[in-house]
Amino acid sequence: MSSNLIPSPRRRAFIAGALCSVLSPFALQRIAAAIDVPEANGFKDPLETSANRRTVPNTRPMMSITSSGRRLVAVGMRGLIAISEDGGRSWSQSPSPVQSDLLDVVFGDAATGWVVGHDGVILKSIDGGGHWAKVFDGRIAAQTLPTTYKRRIEGGAEELKKYVEQLTLDYKAGPSLPFLSIWARDGSEAISVGAFGLAVKTQNGGKNWEPILETFENPEFLHLNAIREIGGDLFVAAEKGTIFGRIESSDRFVAFSTGYQGSFFGVDGDKEVTIAYGLHGTLYRSLDRGVHWMAVPTSVRGTITSSTNLGDGRFILVSANGEVALFSRDNASVRLLRNDRLGPLTGVCALPGNRLAVSGLSGISTLTLS
């Protein structure tokens, strides 16, 4: 029987902690009710089982949403991938090769999409999200990532031993460790981050992935919750009020302390401001590319889960309480736009015509900004 069927205590602790802090007990109930019950004839490995077909995929729990040209792509529980060609008015399901829960979707260019999730899954599309192939998973990671470091240790890099020990612990109970977020420069280069400091990169379109844990100033192996490019630099939101930044084409992610003690679940910004957000409406901003941070007062009550840059110094924030808020860079203010029982929200994407597409545990909705 696969170890995916019964999560290890370490994985259970991670999932329970992350979901409780991000999505609240109400959201956990919604997830439990929405996720399919495994087939009565026995367990099927989610890494080897295609996602079930859904008649109305946009009503299922979704964890992330983005755009690829005029197409919208959303991903969610049990391997579900949905696409819209008409600005979110109608949705169809895109075939998915796995039933692992999918957590983040991005595009490196209009054609090349990347998706990550539980069980170490990384999927890739080369047709704008119409079709997806699995290019990496936890089983491959458990074999190749420690081996890569061991080869380097044999060549004299003794300082890498602690990373082999961490990866061995991560995969001791099976391939379940999740990737939580992914960034892609294009169709070739991508970096994915996840639980317990997990970080990998590819430079050949996903054919090979190598561990890059040592490029982070992360001795505690903090969870790496989100990675985004801001003004040409890469930033990673993490636990314990930490933001990692890879500045000026450096190969290393420097740890920036914000003064906040909780977890950040996302990071966004432009060339003038960097913002990080997390538990209970927490929002911080930096005007010097992450070196110094200031708390921003908000009226948001729920955990801020996602954001989108409107391109004019304004950013939309959404929360696990179903709130939609507007952050203005110019006056560092946050204005609550909506709090109308949308259900827990997990993602947001700007649309033409002053509209938004939001993903959440109740599915996908489109909103008009007032």
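These remarks concern the structure in this document. (Residues numbered from 1 in each chain as written. Predicted model: local features only at pLDDT ≥ 70, side-chain atom pairs only at ≥ 80, totals over all residues. Heavy atoms only, no water.)

**A look at the side chain of D119**
Then comes step 1: Its place among the elements puts D119 in the loop between β6 (113-117) and β7 (122-125).
Then comes step 2: The exposure class assigned to D119 is buried, which follows from its relative accessible area of 5%.
Then comes step 3: Within the local environment of D119, its side chain forms a polar contact with the side chain of S100, the two groups lying 2.7 Å apart. (Helix = DSSP H or I, 4+ residues; strand = E, 2+ residues; numbered from the N terminus. Buried < 20%, exposed > 50% of the residue type's maximum accessible area, 1.4 Å probe, protein only. Polar contact = N/O pair within 3.5 Å; in protein donor to acceptor, adjacent residues only side chain to side chain.)

**Quick word on the environment of R246**
Then comes step 1: The topology assignment puts R246 in strand β15 (residues 242-246).
Then comes step 2: Between the C-alpha atoms of R246 and D233, which are 13 residues apart in sequence, the distance is 5.9 Å.
Then comes step 3: The contact partners of R246, leaving out residues within four places of it in the chain, are W183, R185, E189, I191, D233, L234, D251, R252 and F253.
Then comes step 4: Among the polar contacts listed, one links the side chain of R246 to the backbone oxygen of S250, at a separation of 3.4 Å. (Contact = heavy atoms within 4.5 Å.)

**Some words on the environment of D101**
Then comes step 1: Locating D101 in the fold gives a position in the loop between β4 (92-93) and β5 (102-107).
Then comes step 2: Here D101 falls in the buried class, since its relative accessible area comes to 18%.
Then comes step 3: Expressed as a C-alpha distance, the spacing of D101 and M63, which sit 38 residues apart in the sequence, is 8.8 Å.
Then comes step 4: Discounting residues that sit within four places of it in the chain, D101 has contacts with G76, M77, R78, G79, G117 and H118.

**Topic: the sheet that holds strand β14 (residues 233-238)**
Note: strands within a sheet are paired through backbone hydrogen bonds, in either parallel or antiparallel orientation.
Then comes step 1: Strand order in the open sheet formed by four strands is β13-β14-β15-β16, and the pairing between neighbours is antiparallel. The open sheet has two edge strands, β13 (224-230) and β16 (254-257), and neither has a second partner. Recorded for the sheet is a direction-independent mean angle of 25 degrees between the axes of neighbouring strands.
Then comes step 2: Taken together, the four bridges between β14 and β15 define a ladder with antiparallel strand orientation. (Pairing = 2+ DSSP bridges. Axes fitted to C-alpha atoms, helices over the stretch in contact; angles between N-to-C directions.)

**Focus: helix α2 (residues 138-154)**
Then comes step 1: Between its terminal C-alpha atoms α2 stretches 24 Å, which fits the 24 Å expected from 17 residues at 1.5 Å a residue.
Then comes step 2: Inspection of α2 places G138, A141, L145, P146, T148, Y149 and I153 among the buried residues, and these make up the whole buried set. The buried residues of α2 occupy an angular sector of 145 degrees when projected down its axis, which confines them to one face. The exposed set on the far side of α2, more than 90 degrees from its buried face, consists of Q143, R151 and E154. (Expected span 1.5 Å × (residues − 1). Arc of directions from axis to C-beta.)

**Thoughts on the packing of aromatic side chains**
How two aromatic rings sit relative to each other is set out by the distance from centre to centre and by the angle between their planes.
Then comes step 1: Enumeration over the complete set of coordinates arrives at 12 aromatic pairs.
Then comes step 2: Relative to F221, the ring of Y163 has its centre 6.0 Å away and its plane inclined at 80 degrees; by these criteria the two rings are edge-to-face. Placement of Y163 in helix α3 (residues 161-170) and of F221 in the loop between β12 (210-211) and β13 is noted, with a sequence separation of 58 residues between them.
Then comes step 3: The exposure class assigned to Y163 is buried, which follows from its relative accessible area of 9%.
Then comes step 4: For F221, a relative accessible area of 14% gives the class buried.
Then comes step 5: Between F315 and F327, the aromatic rings sit 6.1 Å apart at their centres with planes inclined by 40 degrees, giving tilted as the arrangement. Of the two residues, F315 is situated in strand β22 (residues 314-319) and F327 in strand β23 (residues 324-328); the sequence distance between them amounts to 12 residues.
Then comes step 6: A relative accessible area of 0% means that F315 is categorised as buried. (Phe/Tyr/Trp six-rings, centres within 6.5 Å; stacked < 30°, edge-to-face > 60°.)

**Some thoughts on empty space enclosed by the protein**
Then comes step 1: Counted according to the given criterion, the structure contains two cavities of 30 Å³ or more.
Then comes step 2: Quantified by volume, the second largest cavity comes out at close to 30 Å³.
Then comes step 3: Within the lining of the second largest cavity, the residues separate by chemical class into four nonpolar, four polar and no charged. (1 Å grid on protein atoms, 1.4 Å probe; cavity = no way out; pocket = protein on both sides within 12 Å on 5 of 7 lines; lining within 4 Å. Points joined across faces, edges and corners; volume = space filled by probe spheres on them. Nonpolar A, V, L, I, M, F, W, Y, C, P; charged D, E, K, R; others polar.)

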